[in-house]
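# Descriptive analysis of the structure
In case you want the letters, here they are:
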Amino acid sequence: MYPVCGRKKLILRKAIYFLRLVAYLVLVLFLTLPFIFKFSPWLQTKLVFLPFVRMPSNLNFSNPSSLGLSATHNLYLSSQPGVTVGVWHILPASSQARCAQHSCYDQLGSGQPVVLYLHGNTAHRAAPQRVELYQVLRGLDYHVITMDYRGFADSSHAAPSVTGVVADARAVYDWVVARSGKDTQLIVWGHSLGAGVAAHLVADL
């Protein structure tokens, strides 16, 4: 009987010690992580932009039709020296039938509105939920221009930053404006993180 009671007390003491150790570790992390985050720009960048989360992966961005986006042109634009960004131009529904492949992609001044879509953090322009949105906008007869910031997908593998991704968006915006008629309605649509990029972009115009 006594040895059994002794083993129970020993197990109880070990359990209490383990719980105290876990509590101390949680307390240390709670106190130190904010300082690590504040003084580590690298960590801030990784956690804010999350460019390493690339699901689905192993996609061929140069062939949007393989992802269900016919009449979509893949191109690359330079935003800064040494930095290029991947871009898709998705034709509006009314242009799909009358435009041969690759013949109408520069005709942004055709009268239909243009949506410049700036996505949020993680994944890329080919994420399934984003492709669904493009299809909806196409069905409303909009041109859709979507892009990946530096560090994302097939854009240059440069570390993203606030000024960097805004420069990327500005390069695509300028490309759209140069090919649109002066009466073309241009909508800059940012989602999540992209809303901040859109706000910076429009404020700098």
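Please refer to the structure placed before this passage.
On the surface, a cluster of nonpolar side chains totalling about 390 Å² of accessible area is made up of F18, L19, V22 and V26. Secondary-structure assignment places V22 in helix 1 (residues 2-38).

Moving on to helix 4 (residues 128-139). Between its first and last C-alpha, helix 4 extends 17 Å over 12 residues, near the 16 Å set by a 1.5 Å rise per residue. D141 lies just past helix 4 and shows a positive phi near 70°.

The subject of this paragraph is the packing of aromatic side chains. This model, assessed by the stated rule, comprises four aromatic pairs. Judged by centre distance (5.7 Å) and plane angle (75°), the ring pair of Y149 and F152 falls under edge-to-face. Here F152 falls in the buried class, since its relative accessible area comes to 0%. Grouped by ring-pair contacts, the aromatic residues Y117, Y134 and W189 constitute a single cluster.

Take the sheet that holds strand 5 (residues 186-190) next. Read across the open sheet, the five strands follow the order 1-2-4-3-5; overall the sheet is mixed. What marks the edges here is a single partner per strand, and that holds for strand 1 (72-80) and strand 5. Across the sheet, the mean angle separating the axes of adjacent strands is 25° when strand polarity is ignored. Packed onto the sheet, helix 5 (residues 162-179) meets strand 1, strand 2 (83-90), strand 3 (114-118), strand 4 (143-147) and strand 5 and runs at close to 120° relative to strand 1. In the packing of helix 6 (residues 193-204) onto the sheet, the strands contacted are strand 3 and strand 5, and the crossing angle to strand 5 comes to about 140°.

Bringing the nonpolar core into the picture now. V87, L118, I145, M147 and V172 are the most contacted members of the largest nonpolar core, which totals 24 residues. Not counting chain neighbours up to four residues away, the residues in contact with M147 comprise V85, G86, V87, Y117, L118, H119, R125, D168, A169 and V172. In terms of nonpolar packing, the next biggest core, distinct from the first, is built from 13 residues, A126, L133, Y134 and A153 among them.

What counts and how
Residues numbered from 1 in each chain as written. Predicted model: local features only at pLDDT ≥ 70, side-chain atom pairs only at ≥ 80, totals over all residues. Heavy atoms only, no water. Patch = residues over 30% accessible without salt bridge, like charges linked within 9 Å, V, L, I, M, F, W, Y side chains within 5 Å. Areas by Shrake-Rupley, 256 points an atom, 1.4 Å probe, with all protein chains shown as cover. Salt bridge = Lys/Arg side-chain N within 4 Å of Asp/Glu carboxyl O. Helix = DSSP H or I, 4+ residues; strand = E, 2+ residues; numbered from the N terminus. Expected span 1.5 Å × (residues − 1). Phe/Tyr/Trp six-rings, centres within 6.5 Å; stacked < 30°, edge-to-face > 60°. Buried < 20%, exposed > 50% of the residue type's maximum accessible area, 1.4 Å probe, protein only. Pairing = 2+ DSSP bridges. Axes fitted to C-alpha atoms, helices over the stretch in contact; angles between N-to-C directions. Contact = heavy atoms within 4.5 Å. Core = buried A, V, L, I, M, F, W, Y, C linked by side-chain atoms within 4.5 Å.

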